[in-house]
Amino acid sequence: VRQLHGPNPNAAHAVKEKGNEAIRGGELGLAVALYTQAIAQLPPLVTADIERSDKPDEHALLRGVLFTNRSSAFCRIRNWDAAVADGKEAIAAQPGLSSAHSQLGVALLGSGFHQEAYIQFAKGVHLNSDHKPSIKGRNICLKEMVVWKSASATARYKKRFWLDLRRTPGTTRVFALSDLHFDQKYNEDWAHGIDDLAFLDDVLIVAGNVADTKVGVMRALTTLKSKFRGVFYTFGNHEMQIMASEFARYPDSLTKMNEIFTACDELGIDVFPAPVCEGVLVMPLLSWCSAEFDQEDPFPDPNAKFNSRCTWPMDADVQLWKYMMKLNEQFLDIRGFDTVITFSHFLPRQGLPFDKTRKNAIKAVGCDMIDEQARAVKSKLHVSGHGRVRYAQMHAGVRYVSAPIGFEADWPKDHAPRLMMVHNGRSLCMQEWGTDDEPPLGYTKRLLHVVVFKMPALREAEMRKFQNMLQKFVNFPGILCSFDRIGSRGLDKDSLSKDAWPDIMQCSQDMSHVLTVVADSTDALKAVLTSEAYCREWSASLAPHARKIVSFTSPLGLDLVHAKKRDPMLVMHGLQLKEVKEDSDEYGKMMKAIEAISKLPGIDGKIAVSLQPLGSGRYSHEDLLEQLDVKESRAAGITHCFAVLVDEPASYKMLAQSKTYGKWKASYEPYLAGKVLAFCMPVDIAATASAPKDVPKTKQTNGVKK
């Protein structure tokens, strides 16, 4: 048409009216043809000329209306792709046209893109608050969004959920932080300072308040994604503020949320629940604060100006937090994971600490229903932010963690902000962690390697020969060791059974001798166990005498001290606990029983106790044996080691007869899968439970019993 007759805006207007009549008459094909003819009769737009000229398109309104009307016709014949394309052309021609945004919203809604459709309807309402099609479309989108069935949400779930479902357990640690405020230069420098290589197999939870603007949020998440294998994110109140630079882009905070989520999809940031390895699921919970969190006055404060820069399509005080909870419901039926870690920005329950310096702050810090949803998915640990207080607590069987980075003034000058490790690859934990992957002082434990032998016919002279052989281990750095008969320095097993420990004969299962090795590190222990002195000389010499051997390795859970003690003795209980994990409620009860023993009056310097799982850190016992190059496990089913260090046998007798010790036994006995192997040995070596920060590389003096 343009080639035959040239541009003719007046004719285009007349053809547009005919197209409108065709639509009203139900002749949709004719309407599309007429609108196409009218568009062709408008002067063409040359982008390059427009960029070089300040002259506006004098036919912009008509062009926008024509594309809007043709998009409407395409919608009626369900040609959604064409309808979306025309809707975008209409907005490009006339950005201030409410009907253009509304029509693009209809096309996107028909295509199944509910979140994207909401953005367009919201912009239509923003341009004209009385535009009924935009208002109606926005409300429809609000209903559709809660089920997360849109094309983009479905693609997000399918793409991200299955990535690490079968990832080997023990290969991934999970860290957490909140309130990063990346727009503060101090915090941006801190984020860039996270080690580039140390966490590339690990996952980071980011619990909101990353930055104020979308640009700042994406810069921060891009930085964090370069440091970690995976990043899980949920927004806080700061992200939902519409800053001055964003007024023209975001009509409301829900629009900003959707655009942030879309950008997260492009970066590979998880905003939906997803496994991080086999058996471990991380689940974000969208949230907002509720005035009902203030139980003494559960009503909004009309004079408060909390989150005043946020704009919502609903009542922010009464409806918003309920809508956020509704957005989470689609994921609450996910099952099949042993460990679930949830996180939200706002506090999930009463009793957790937060900054109370602002008047009525409790009305804007939390929402009780977050905790209800976390427990509905059987969460064992929940990470939150917003409160500006760092904590790690347990309430009613669930761990609660907050790790705010906050502002520069929140941290001492000589103490840089730290991450919080919430899963060590093996079990849940709540441990601060350095950005250089340096654990806090005292976190890394020495290893306790115990080998128990049944050698009833071993003569004293032969035992001294084996003790002398241990001298060859002196050349190995980071090693302490001893070899003894079961008993104490002053009492043998028979003597102990007559007074201090009547059950030792039955509990020791006829075992007679013990080799104890304390190693500063896995490498130090491996050097010994794979050495010629151990494999060929020591083990080969013992083999003819040993009728049975049980060996296991665990962290050294207590300090070995023998100075100024009458007859120090280390009592070991090898427990076979079935289906008890370190992050389970059952294990928590056992640890409380251990803590109760440690608090008994008058035991300082006399009794120390610990319960440790076999293995070390993120490694199970089987994984640790692989690290040590040990081919065969001789743990005899033992899963945990309960150790008691006493200053003399009489102290152990006193402990074993106490009610507190009885409660400890009652806490683990229901979960026993086999007999308890219990024995004791004299304490002739001294070592702290905490491993030295730097393992010495040179020869050192070892505490070998002579």
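Computed from a prediction, not measured in an experiment: that's the story for all the values here.

Core analysis: the biggest nonpolar cluster contains 101 residues, and Leu180, Leu204, Tyr233, Phe235, Trp288, Trp312 and Met324 have the highest contact counts within it. Contact partners of methionine 324, with chain neighbours within four places excluded, come to Phe235, Leu286, Ser287, Trp288 and Trp312.

On to the pairing of strand S4 (residues 274-277). The pairing of S4 with strand S5 (residues 280-284) spans three bridges and is antiparallel. Considered in S5, the bridge of proline 275 is made with leucine 281. Connecting S4 to the antiparallel partner S5 that follows it, the hairpin turn spans two residues, and glycine 279 within it adopts a positive phi of roughly 90°.

Attention now moves to the environment of leucine 428. Within the element layout of this structure, leucine 428 appears in strand S11 (residues 428-433). Residue classification places leucine 428 among the buried positions, given a relative accessible area of 6%. Other than its neighbours up to four places away in sequence, leucine 428 contacts Thr339, Ile341, Lys380, Leu381, Arg399, Val422, His423 and Asp583.

Attention shifts here to the side chain of histidine 382. Positionally, histidine 382 belongs in strand S7 (residues 381-384). Judged by its relative accessible area of 0%, histidine 382 is buried. At 2.7 Å, the side chain of histidine 382 forms a polar contact with the side chain of threonine 342. Those residues in contact with histidine 382, other than ones at most four positions away along the chain, are Leu285, Thr342, Phe343, Ser344, Pro348, Ile370, Ala374, Val398, Arg399, Tyr400 and Val401.

Okay, the sheet that holds strand S1 (residues 174-177) next. Adjacent strands of a sheet form backbone hydrogen bonds with each other and so pair up, either parallel or antiparallel. Within the open sheet, the five strands sit side by side as S3-S2-S1-S10-S11. Their pairing is mixed. Either end of the sheet is taken by a strand with one partner, and the two such strands are strand S3 (230-234) and S11. Taking each pair of neighbouring strands and ignoring which way they run, the sheet shows an average axis angle of 25°. Taken together, the four bridges between S1 and strand S2 (residues 203-207) define a ladder with parallel strand orientation. By the bridge assignment, alanine 176 is partnered in S2 with isoleucine 205. Helix H12 (residues 214-225) rests against S2 and S3 of the sheet, and its axis sits at about 150° to S3.

On to the packing of helix H5 (residues 60-76) against helix H7 (residues 98-110). Remark: H5 packs on H7, axes separated minimally by 9 Å, with the N-to-C direction vectors making an angle of 20°. When the interaxial angle is binned, H5 and H7 end up roughly parallel. Crossing of H5 over H7 shows left-handed handedness. Along its contact with H5, which presents Thr68, Ser71, Ser72 and Cys75, the element H7 presents Ser99, Ala100, Gln103, Val106 and Ala107. Here the residues of the contact of H5 with H7 are counted per class, giving four nonpolar, five polar and no charged.

Before going further, it helps to spend a moment on the sheet that holds strand S15 (residues 548-555). Strand order in the open sheet formed by four strands is S13-S14-S12-S15, with antiparallel pairing between adjacent strands. One side of each edge strand has no neighbouring strand; the edge strands of this open sheet are strand S13 (479-485) and S15. When the angles between neighbouring strand axes are averaged without regard to direction, this sheet yields 10°. The strands that helix H16 (residues 460-469) touches are S13 and strand S14 (513-519); relative to S13, the one it contacts most, it runs at about 175°.

Rules used in this analysis
- Residues numbered from 1 in each chain as written.
- Predicted model: local features only at pLDDT ≥ 70, side-chain atom pairs only at ≥ 80, totals over all residues.
- Heavy atoms only, no water.
- Core = buried A, V, L, I, M, F, W, Y, C linked by side-chain atoms within 4.5 Å.
- Buried < 20%, exposed > 50% of the residue type's maximum accessible area, 1.4 Å probe, protein only.
- Contact = heavy atoms within 4.5 Å.
- Pairing = 2+ DSSP bridges.
- Helix = DSSP H or I, 4+ residues; strand = E, 2+ residues; numbered from the N terminus.
- Polar contact = N/O pair within 3.5 Å; in protein donor to acceptor, adjacent residues only side chain to side chain.
- Axes fitted to C-alpha atoms, helices over the stretch in contact; angles between N-to-C directions.
- Parallel < 35°, antiparallel > 145°, perpendicular 65-115°, else oblique.
- Left-handed = near helix turned anticlockwise from the far one by under 90°.
- Nonpolar A, V, L, I, M, F, W, Y, C, P; charged D, E, K, R; others polar.

All quantities given are derived from atomic positions and should not be read as evidence of function.
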